[in-house]
Each structure stands twice: as structure tokens, then as C-alpha cells.
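Next come the chains, spelled out residue by residue.
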Amino acid sequence: MRTSPNIIVTGTPGVGKTTHCEALAERTGLRHVSVNQVVKDEGCHEGWDEEYLSWIVDEDKLLDALEDEAKAGGCIIDWHACDLFPESWIDLVVVLRVDSTTLYDRLSARKYPEVKLQENIDSEIMEVLLQEARDSYDERIVIELTSNTTDDMETNVDRIEAWVTQWKKDNAP
Ligand code: DAT
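Everything quoted here is computed from the prediction, not taken from an experiment. (Residues numbered from 1 in each chain as written. Predicted model: local features only at pLDDT ≥ 70, side-chain atom pairs only at ≥ 80, totals over all residues. Heavy atoms only, no water.)

Engineer: How should I be thinking about the packing of helix 1 (residues 17-28) against helix 7 (residues 150-170) in this particular structure?
Structural biologist: Helix packing geometry: the angle between the two helix axes and the distance between the axes. Between helix 1 and helix 7, the shortest axis-to-axis distance is 10 Å and the interhelical angle comes to 45°. Judged by the inter-axis angle, helix 1 sits oblique to helix 7. By crossing handedness, the relation of helix 1 to helix 7 is classed as right-handed. On the side of helix 1, the interface is formed by Thr19, His20, Ala23, Leu24, Arg27 and Thr28, while helix 7 contributes Met153, Asn156, Val157, Asp158, Ile160, Glu161, Val164 and Lys168. Across the contact of helix 1 with helix 7, the residue classes tally to six nonpolar, four polar and four charged. (Axes fitted to C-alpha atoms, helices over the stretch in contact; angles between N-to-C directions. Helix = DSSP H or I, 4+ residues; strand = E, 2+ residues; numbered from the N terminus. Parallel < 35°, antiparallel > 145°, perpendicular 65-115°, else oblique. Left-handed = near helix turned anticlockwise from the far one by under 90°. Contact = heavy atoms within 4.5 Å. Nonpolar A, V, L, I, M, F, W, Y, C, P; charged D, E, K, R; others polar.)

Following this line, the structure appears as C-alpha cells:
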């Protein structure tokens, strides 16, 4: 049994996953697992997609690369998908949400190509990640949090930190 929980922080690119994960790691001592970094560092991909500007992920390789860490517990998994991780690995799924105008500004600042920018905004409006989370995990462990402002982020981090503290009490050996 894990003595520290595994949390997925997911959402459309630009929603604030990395920012939340870094703050959470600092506050809770859990490890920020940037899946993008693992994919790149461990070669869990079949190359780079020039149109989508992202790795073509080899999910089997990725799961193999993450398995030991996930089994040990205490991971904050940062990724714009969540349906690939086995349910038995995961204790909480946080789906971050943002207003489309705010997302537009954040992705423009990243110089996303127009097609990719529009696709991500559509995906946010259509609640694609929220639906994926609800389809893949028990609805009791899926929470949706707003990430428009710095105040939102601070409230979210406080809330998740409190959840981690409670989880550790409930699951103490
Ligand atoms: P992601 O990892 O989901 O792609 P990010 O953490 O890199 O997103 O954030 C994208 C940009 O938006 C970055 O410049 C930080 C900013 N940002 C993210 N969440 C925010 C929030 N809740 N309030 C203000 N700015 C935020």
C-alpha cells in the first residue's frame, strides 16, 4: 500500500498544470512528475509531430517508465491526458479549467500556431479532459477546479494540500 497518494493534474495545455504541480510539490513534498519530460528523457515516443508540436507518445513505454514511481506513491502527475493510467495507481484526479479568453491569451503568448490554438480552445469549451477524467475514474475522485487567476491557484493548492494531509491520516499504516 502507498503511504503517499498519487494525484493527476490534468487539463488543456495552458490551463496551469505545471504551475499548480510545482507549487503543490513545494508545499506537500510530493514529486512533480512531468510526463512530457519523462516522454522526452526516456524516449517513450515514436517521434515528434511537426503539426501538433508534440511527441507521438508510446503509451506502453510510458507506463513502464512510470510504474515503479507510481507504485511507490507520492507522484503529482502532470499531463494533458489521463485515461492511460491504471485506476489502481490513482487517488485523486484534478481537472483544471480556464475561461477561453484567458486560455487564448496564454496560448498566444506561447506562440502556438493558429490551428493548434483553436483546437485547444475548442477542447476546453467542450470539456474534453473533464469528460475523459469522468469516463476513466470513479467520479468521487475527480475534482474540477478553476484556474483563471493567481488567487484561484492559491485556493486550489490550499485545497489539494488539505486533501493530501487528510489522505495521509486516513491511510496511515
Ligand atoms: P500547462 O502546464 O497546463 O500547459 P502552465 O502551468 O505552463 O500550463 O501555465 C501556462 C501559463 O499560464 C503560464 O505562463 C502561467 C500562467 N498561469 C497558469 N495558471 C494560472 C493561474 N491560475 N493564474 C494566472 N496565471 C496562470
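Moving on, there is more to tell.
Engineer: Is there a simple way to explain the environment of Asp158 in this structure?
Structural biologist: Looking at where Asp158 falls in the secondary structure, it is placed in helix 7. Assessed through its relative accessible area of 42%, Asp158 is described here as partly exposed. The spatial distance from the C-alpha of Asp158 to the C-alpha of Ala23 is 9.9 Å, given a sequence separation of 135 residues. At a separation of 2.5 Å, a polar atom in the side chain of Asp158 contacts the side chain of Arg27. (Buried < 20%, exposed > 50% of the residue type's maximum accessible area, 1.4 Å probe, protein only. Polar contact = N/O pair within 3.5 Å; in protein donor to acceptor, adjacent residues only side chain to side chain.)

Engineer: For this particular structure, what's the right way to read the site of the ligand?
Structural biologist: As a structural note, the neighbourhood of the ligand is formed by 15 residues, with Gly14, Lys17, Thr18, Thr19 and Arg110 the closest of them. Within the contact set of the ligand, a nitrogen atom lies 3.2 Å away from a backbone nitrogen or oxygen of Thr150. For the ligand, the accessible surface in isolation is 550 Å², of which the surrounding protein chains cover 73%. Secondary structure elements with two or more residues in the shell around the ligand: helix 1 and helix 7. When residues in the shell around the ligand are grouped by element, the largest group, three residues, is from helix 1. The residue inventory of the shell around the ligand, partitioned by class, reads three nonpolar, nine polar and three charged. (Near = heavy atom within 4 Å. Areas by Shrake-Rupley, 256 points an atom, 1.4 Å probe, with all protein chains shown as cover.)

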